[in-house]
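Summary of structural features
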Amino acid sequence: MKADLHIHSKYSGVGGYWKLKYLDSVEEPRTILKYAKKKGLDVIAVTDHNTIKGGIETKKLSKEFGIDVIVGSEIMSKDGEIIGLFLNEEIPKGLSAEETIELIKEQGGLAIAPHPYSPICKALGDKIFELDLDGVEVFNAYHRDGIINNIALSKVIKNYHKKPFAFIGSSDAHISKMIGNAYTLFEGNSVDDLYKAIKNRRTSFYGKPTPLHQIILWSYKVVYEGEKKLLKSFILEENIKFYKKVLGVVSGAIYLTTPLPIISGILGNYYLKWKAKRVFSNLTL
């Protein structure tokens, strides 16, 4: 069976890079399930940043689509991001990695290290070998540089004899079209079998890097939804200064009506590959 265990919905909130702020995802739970069904997935986990709300809302619709939904969250600890699966309560951000994992396991959940050597996210790095993790994301489709995933896989294999983890593949989807670009494979026919497979370190993975055009589409959708919110704010929101609203609308319009999404996507792709090479050069495998 196939499980995509790292998906973001509209509940993931606002992200940021440098001084830029943007919506991390704009996807509705129903759309996520629609595409998961289309991609032939059996299980998905909705893992929004620092909240389980997206997982809860998506799970309510699961029977309609015949897909098992795991409630999860990608939690920002002091040491890096940690995915909690099978959660029923919120886990606060800003705790140590050890405290975060302890709270996940108190709920009977599983703790996964996403993109452990990412140059663009706050990642755990080699600290994964000091923690009581159940699995490590050795293939993250969103990191399309071809380097970071190889580092994670090489390090996990090298240290497997003393610190075994379940091998996890995930899409890290920020729009619905990205869902299923990578996934975790396991034997069984239920979400309970997936839980046991991760616990027993009996999973494998499959995936391909997210195509660049999907990254470009994500930026376009994020700006488009931001534009709609800004336009509504002229009527509903009085806390934002008028000139900031105008500036935001004009900037968004320029982005949406010019080749900027394509240009920024291509430049961003080269930049992230450069950062991945820098990470690789500083690491000992």
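Rules behind the numbers
Residues numbered from 1 in each chain as written. Predicted model: local features only at pLDDT ≥ 70, side-chain atom pairs only at ≥ 80, totals over all residues. Heavy atoms only, no water. Buried < 20%, exposed > 50% of the residue type's maximum accessible area, 1.4 Å probe, protein only. Helix = DSSP H or I, 4+ residues; strand = E, 2+ residues; numbered from the N terminus. Pairing = 2+ DSSP bridges. Contact = heavy atoms within 4.5 Å. Axes fitted to C-alpha atoms, helices over the stretch in contact; angles between N-to-C directions. Patch = residues over 30% accessible without salt bridge, like charges linked within 9 Å, V, L, I, M, F, W, Y side chains within 5 Å. Areas by Shrake-Rupley, 256 points an atom, 1.4 Å probe, with all protein chains shown as cover. Salt bridge = Lys/Arg side-chain N within 4 Å of Asp/Glu carboxyl O. Lys, Arg positive; Asp, Glu negative; His and termini not counted. Charge placed at Lys NZ, Arg CZ, Asp CG, Glu CD. 1 Å grid on protein atoms, 1.4 Å probe; cavity = no way out; pocket = protein on both sides within 12 Å on 5 of 7 lines; lining within 4 Å. Points joined across faces, edges and corners; volume = space filled by probe spheres on them. Nonpolar A, V, L, I, M, F, W, Y, C, P; charged D, E, K, R; others polar.

**Some remarks on the pairing of strand E4 (residues 43-49)**
Taken across its seven residues, E4 has seven buried, putting it largely inside the fold. In terms of strand pairing, strand E1 (residues 2-7) meets E4 through three bridges, oriented parallel. Its bridge partner lying in E4, Asp-4 is registered against Ile-44. Where E4 meets strand E5 (residues 68-77), seven bridges bridge the pair, whose relative direction is parallel. In the strand pairing of E5, Ala-45 is matched with Ile-70.

**Things to note about the environment of Glu-227**
Locating Glu-227 in the fold gives a position in helix H7 (residues 212-236). Other than its neighbours up to four places away in sequence, Glu-227 contacts Gly-248, Val-249, Gly-252, Ala-253 and Leu-256.

**Observations concerning the sheet that holds E5**
Taken together, the nine strands give an open sheet; going across it, the order is E9-E8-E7-E6-E5-E4-E1-E10-E11, and neighbouring strands pair in mixed fashion. Edge positions in the sheet fall to strand E9 (166-170) and strand E11 (204-207), since each of these pairs with one other strand and no more. Ignoring which end each strand starts from, the neighbouring axes of this sheet average 30° apart. In the packing of helix H4 (residues 97-106) onto the sheet, the strands contacted are E5, strand E6 (80-85) and strand E7 (110-113), and the crossing angle to E6 comes to about 5°.

**Quick notes on the side chain of Ser-118**
You can see Ser-118 is positioned in the loop between E7 and strand E8 (135-140). A relative accessible area of 9% means that Ser-118 is categorised as buried. Beyond its immediate chain neighbours, meaning those up to four positions away, Ser-118 contacts Ala-123, His-143 and Ile-148.

**Examining unusual backbone geometry**
Phi is positive for Asn-50, close to 60°, though the residue is something other than glycine. Inspection of the secondary structure assignment puts Asn-50 in the loop between E4 and helix H2 (53-59). Assessed through its relative accessible area of 26%, Asn-50 is described here as partly exposed. Positive phi, normally seen in glycine, also occurs at Arg-201, with a value near 60°. Along the chain, the position of Arg-201 falls in the loop between helix H6 (191-199) and E11. According to the relative accessible area criterion, Arg-201 is partly exposed, its value standing at 22%.

**Let's talk about a positive patch on the surface**
Taken together, the side chains of Lys-34, Lys-38, Lys-39 and Lys-177 make up a positively charged region of the molecular surface. Residue position: Lys-39 is located in the loop between helix H1 (29-38) and E4. The partly exposed category is assigned to Lys-39, whose relative accessible area is 34%.

**Examining the layout of surface pockets**
Of the pockets and cavities examined, the second largest pocket occupies roughly 260 Å³. Considering the residues around the second largest pocket, the lining is formed by Lys-10, Gly-13, Val-14, Leu-23, Ser-25, Val-26, Glu-28, Glu-225, Lys-228, Lys-229 and Lys-232. The element best represented in the lining of the second largest pocket is H7, accounting for four residues. Looking at side-chain class alone, the lining of the second largest pocket contains three nonpolar, two polar and six charged residues.

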